Amino acid sequence: MSGIEGLERRTAADVGRAIAGGLDPVAVAEFFLERIAASPDQAVFLHVAAARARREAEASRRRHAEGRPLGPLDGVPISWKDLVDVAGTPTTAASALRRDIAPATADAAAVANATAAGMVNLGKVNLTEFAYSGLGLNPHYGTPINPHDPETPRAPGGSSSGSAVSVARGLVPISVGSDTGGSVRIPAAFNGLVGCKSSEGRIPKTGVVALSPTLDTLGLLARSVEDCILADAALRGVTPPSLPVPDVAALRFVLAPNVVMDGVEDAVADNLEKAVSRLSAAGARIERRTLPMFDAMVATTAAHGSLTAAEAYWVHRDLVDGPDVGRIDRRVVARIMGGKKMSAHDLVAVQQARIAQIAALEAALDGALLVVPTTPHVAPEIAPLEADDDLFHKVNLKTLRNTMLGNFLATPGLALPTGTDGHGMPTSMLVSATAGQDERLLAAGIAIERCLAG
C-alpha cells in the first residue's frame with residue numbers, strides 16, 4: 001500500500017517509508033488534519049497547529065523532491081501532550097487555571113529536535129490535569145474516550161490520555177506523552193498500543209511542565225517498537241541507531257508473582273501467559289521468582305508517602321494552597337496534598353530506599369528483562385469512576401501499581417499488546433530493563449514483538 005488509503009492504521013515508520021517512496025508529505029498532513037476535524041471525539045486535541053503543520057509539510061516536500069530528507073521520519077506527523085511547549089500554542093497542562101495562558105514563544109527541546117528531524121507537528125493533545133492520574137479523566141476539557149468499546153465510554157488511561165487516543169483513533173501516527181508513574185505505559189495498555197517509557201534524563205525535559213522533576217520522563221505512544229526507536233532518536237536529536245536485534249532464544253525474562261499479580265483480571269493473566277509461552281517456545285529462558293524490592297517499595301510508600309506526591313506539592317504548592325484551589329480537579333488536589341503531609345524524614349527515607357532498591361533490582365535481574373502485566377485490568381468504565389471519588393482513587397491506585405514500580409526503580413519500559421478480553425478490550429504486558437538500558441530494551445522489544453506476532 002503506497003497511497004493515502006489506510007494511512008490511519010499504518011505505523012509512523014511505514015508512513016515515513018511511503019513518503020520516501022513518493023507519497024506527498026502535504027497530502028499526509030492534510031489527511032490527518034481532516035481526520036482530526038471530523039473525529040467524533042473532540043476532547044482529544046486541545047490545540048490543532050494546522051498552519052505550522054502545513055508549513056512543515058511543505059518544507060518536507062521540498063526536501064524529498066531535492067533528495068535531502070532529514071531522516072526516516074521526515075514528513076511524518078506527530079502530536080504532543082499539552083505539558084510540552086510548542087511555539088505559538090498555549091501549554092495548558094489541561095488545567096482551567098492555564099486556559100488563558102499566553103502561547104509558548106519557543107519549542108521545548110524535544111519538539112525542536114523532532115522538528116529538526118523533519119517531523120510535522122499537528123498540535124497538542126489532552127491529559128489528566130497536571131498529569132496526575134492513571135485513568136485520564138478531565139473535568140475541564142473533557143475526557144478522550146477509549147475507542148475500543150463502541151457502546152460504553154471507558155477510560156483512555158492517563159495521564160497521557162490524548163496521546164494514546166490520538167494514535168488509537170488514527171488521528172496521528174505517533175504521539176509524545178510523559179510518564180511519572182505510568183502515564184505512557186497505562187494509556188498504551190488501555191488502547192492496544194506500544195508505549196515506551198525512557199530512562200530518567202534520556203530525552204530532554206526543557207520546556208515541559210513538571211509534576212515530579214526527579215521521576216518525569218518523556219515517552220512514545222505508537223503502533224510498533226520500530227516507531228519508538230526512530231522517534232526516541234528524533235526527540236534526543238541523534239541519528240537513529242542500528243540496533244542489533246537479538247534472537248529470542250538469547251533472552252532471559254523474570255516474572256515475579258508478588259505484588260504485580262495481585263487482583264489481576266483473568267484475561268490479563270491469561271494473555272500474559274500466552275505471550276510468555278510464545279517466548280518460551282522460541283527458546284527464551286523464563287524465570288519465575290519473587291522480587292523483594294516490590295514489597296519493599298510498597299512498604300516504603302505506605303510508611304512514608306511517595307516521591308511523586310512530595311515533588312508535586314513542591315511544584316504546585318502556590319496553586320493548591322491558594323485561593324483558586326477550587327478550580328483544580330478535586331481528585332488531583334487530593335493526590336498533591338498527600339505530599340504536603342510528608343516530613344523531611346519521610347522524603348529522605350523514600351529517596352534512600354529508592355537508591356537501595358534500584359541497586360537490588362539490578363543485582364536480582366543480572367541482565368534479564370522484567371515482565372509484569374502493564375495494568376492489572378482492562379480500561380474501566382468511566383461513569384462509575386465519575387460518580388464515586390472513593391472508587392476513583394481505589395481504581396486509580398490499582399491501575400498505577402505495576403507501572404509505578406518501574407518509576408520508583410528507574411526502569412525504562414515497553415508496554416506491548418498481548419491481545420484482548422472477551423469484550424474486545426486490549427490487554428498488555430510490560431517489559432522493563434534496568435536503568436539506562438534503553439537501547440538493549442528496544443532491541444529486545446523488536447524480537448519480542450516479532451515473536452508475539454507469530
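Note that the structure is a prediction, hence the values are computed from the model and not measured.

**Q** Could you give an account of the overall build of the chain, naming the residues involved and the relevant values?
**A** Helix and strand counts for the chain stand at 15 helices and 11 strands. Computed over its C-alpha atoms, the radius of gyration of the chain comes to 21 Å, within 12% of the 22 Å expected for a compact globule of 454 residues. With respect to the principal axes defined by its C-alpha atoms, the chain has extents near 60 × 60 × 40 Å. Across the 454 residues of the chain, 59% fall into the buried class. Contacts in the chain between residues at least 24 apart in sequence constitute 78% of all its contacts with a sequence separation of at least 6. When the 42 basic and 49 acidic side-chain charges of the chain are each reduced to a single mean position, those positions are 2 Å apart.

**Q** Lay out the packing of helix α7 (residues 225–236) against helix α15 (residues 438–452) in plain terms, naming residues and giving numbers.
**A** Packing of α7 against α15 brings their axes to within 9 Å, and their N-to-C directions diverge by 155 degrees. Our classification of the angle between α7 and α15 gives roughly antiparallel. Contacts between α7 and α15 involve Val 225, Glu 226, Cys 228, Ile 229 and Arg 236 from the first element and Glu 439, Leu 442, Gly 445, Ile 446 and Glu 449 from the second. Considered class by class, the residues forming the contact of α7 with α15 number 5 nonpolar, 1 polar and 4 charged.

**Q** Would you mind going over the pattern of salt bridges in detail, with residue names and values included?
**A** If you walk through the whole model with that rule in mind, you get 28 salt bridges. A salt bridge links Arg 288 to Glu 273; the shortest N-O distance between them is 3.0 Å. Within this pair, whereas Arg 288 is found in strand β8 (residues 285–288), its partner Glu 273 is found in helix α8 (residues 266–281), the two being separated by 15 residues in sequence. Linking Arg 289 and Glu 287 is a salt bridge whose minimum nitrogen-to-oxygen distance equals 3.0 Å. Note on Arg 289: relative accessible area 28%, which makes it partly exposed.

**Q** How would you summarise the packing of aromatic side chains if you had to cite specific residues and measurements?
**A** Each aromatic ring pair is characterised by the separation of its centres together with the angle its planes make. Taken as a whole and judged by the stated rule, the model has 1 aromatic pair. Centre to centre, the rings of Phe 31 and Phe 32 are 5.1 Å apart; their planes meet at 90 degrees, and the pair counts as edge-to-face. Look at Phe 31 and you get buried, because its relative accessible area is 15%. Residue class for Phe 32 comes out buried when judged on its relative accessible area of 1%. Just above the ring of Phe 392 sits the side chain of Arg 331; from NZ or CZ to the centre is 4.8 Å.

**Q** Explain the layout of surface pockets to me, using residue names and the numbers behind them.
**A** The computed volume of the largest pocket comes to approximately 640 Å³. Elements with a contribution of two residues or more to the lining of the largest pocket: α9 (292–304), α10 (307–320), α11 (330–340) and α14 (389–408). Top element by residues in the lining of the largest pocket is α14. It accounts for 8 residues. When grouped by side-chain class, the residues that make up the lining of the largest pocket number 13 nonpolar, 11 polar and 3 charged. Taken as a whole, the second largest pocket spans an internal volume of roughly 210 Å³. Lining the second largest pocket are Arg 154, Glu 265, His 377, Val 378, Ala 379, Pro 380, Glu 381, Pro 384, Leu 385, Leu 391, Val 395 and Lys 398. The leading source of residues in the lining of the second largest pocket is α14, at 3 residues.

**Q** Mind laying out helix α3 (residues 50–65), listing which residues take part and the relevant values?
**A** In a regular helix each residue adds 1.5 Å, so 16 residues correspond to 22 Å; α3 covers 22 Å between its end C-alpha atoms and thus fits that length. Buried within α3 we find Ala 50, Arg 52, Ala 53, Glu 56, Ala 57, Ala 59, Ser 60 and Arg 63. Contact partners of the buried residues in α3: α2 (25–38), β1 (45–48), α4 (109–116) and β3 (120–125). Looking one or two residues past α3, Gly 67 carries a phi angle of roughly 70 degrees, positive in sign.

**Q** An account of unusual backbone geometry is requested, with residue identities and associated values reported.
**A** Cis geometry is adopted by the peptide bond preceding Ser 159, which originates at Gly 158 and carries an omega value of 5 degrees. Here Ser 159 shows up in the loop between β3 and α5 (161–168). Located in the positive-phi region is Ala 131, a residue other than glycine, with phi close to 65 degrees. Its place among the elements puts Ala 131 in the loop between β3 and α5.

**Q** Describe in detail the nonpolar core, supporting the description with residues and values.
**A** Counting 105 residues, the largest nonpolar core has Trp 80, Phe 253, Met 429 and Ile 448 as its most contacted members. Counting residues per element, this core draws most heavily on α15, which supplies 9 residues. By size, the runner-up hydrophobic cluster in this structure holds 23 residues, among which are Leu 215, Ala 353, Ala 368 and Leu 370.

What counts, and where the lines are drawn
Residues numbered from 1 in each chain as written. Predicted model: local features only at pLDDT ≥ 70, side-chain atom pairs only at ≥ 80, totals over all residues. Heavy atoms only, no water. Helix = DSSP H or I, 4+ residues; strand = E, 2+ residues; numbered from the N terminus. Rg over C-alpha atoms; globule rule 2.2 N^0.38 Å. Buried < 20%, exposed > 50% of the residue type's maximum accessible area, 1.4 Å probe, protein only. Contact = heavy atoms within 4.5 Å. Lys, Arg positive; Asp, Glu negative; His and termini not counted. Charge placed at Lys NZ, Arg CZ, Asp CG, Glu CD. Axes fitted to C-alpha atoms, helices over the stretch in contact; angles between N-to-C directions. Parallel < 35°, antiparallel > 145°, perpendicular 65-115°, else oblique. Nonpolar A, V, L, I, M, F, W, Y, C, P; charged D, E, K, R; others polar. Salt bridge = Lys/Arg side-chain N within 4 Å of Asp/Glu carboxyl O. Phe/Tyr/Trp six-rings, centres within 6.5 Å; stacked < 30°, edge-to-face > 60°. Lys NZ or Arg CZ within 6 Å of the ring centre and 35° of its normal. 1 Å grid on protein atoms, 1.4 Å probe; cavity = no way out; pocket = protein on both sides within 12 Å on 5 of 7 lines; lining within 4 Å. Points joined across faces, edges and corners; volume = space filled by probe spheres on them. Expected span 1.5 Å × (residues − 1). Core = buried A, V, L, I, M, F, W, Y, C linked by side-chain atoms within 4.5 Å.

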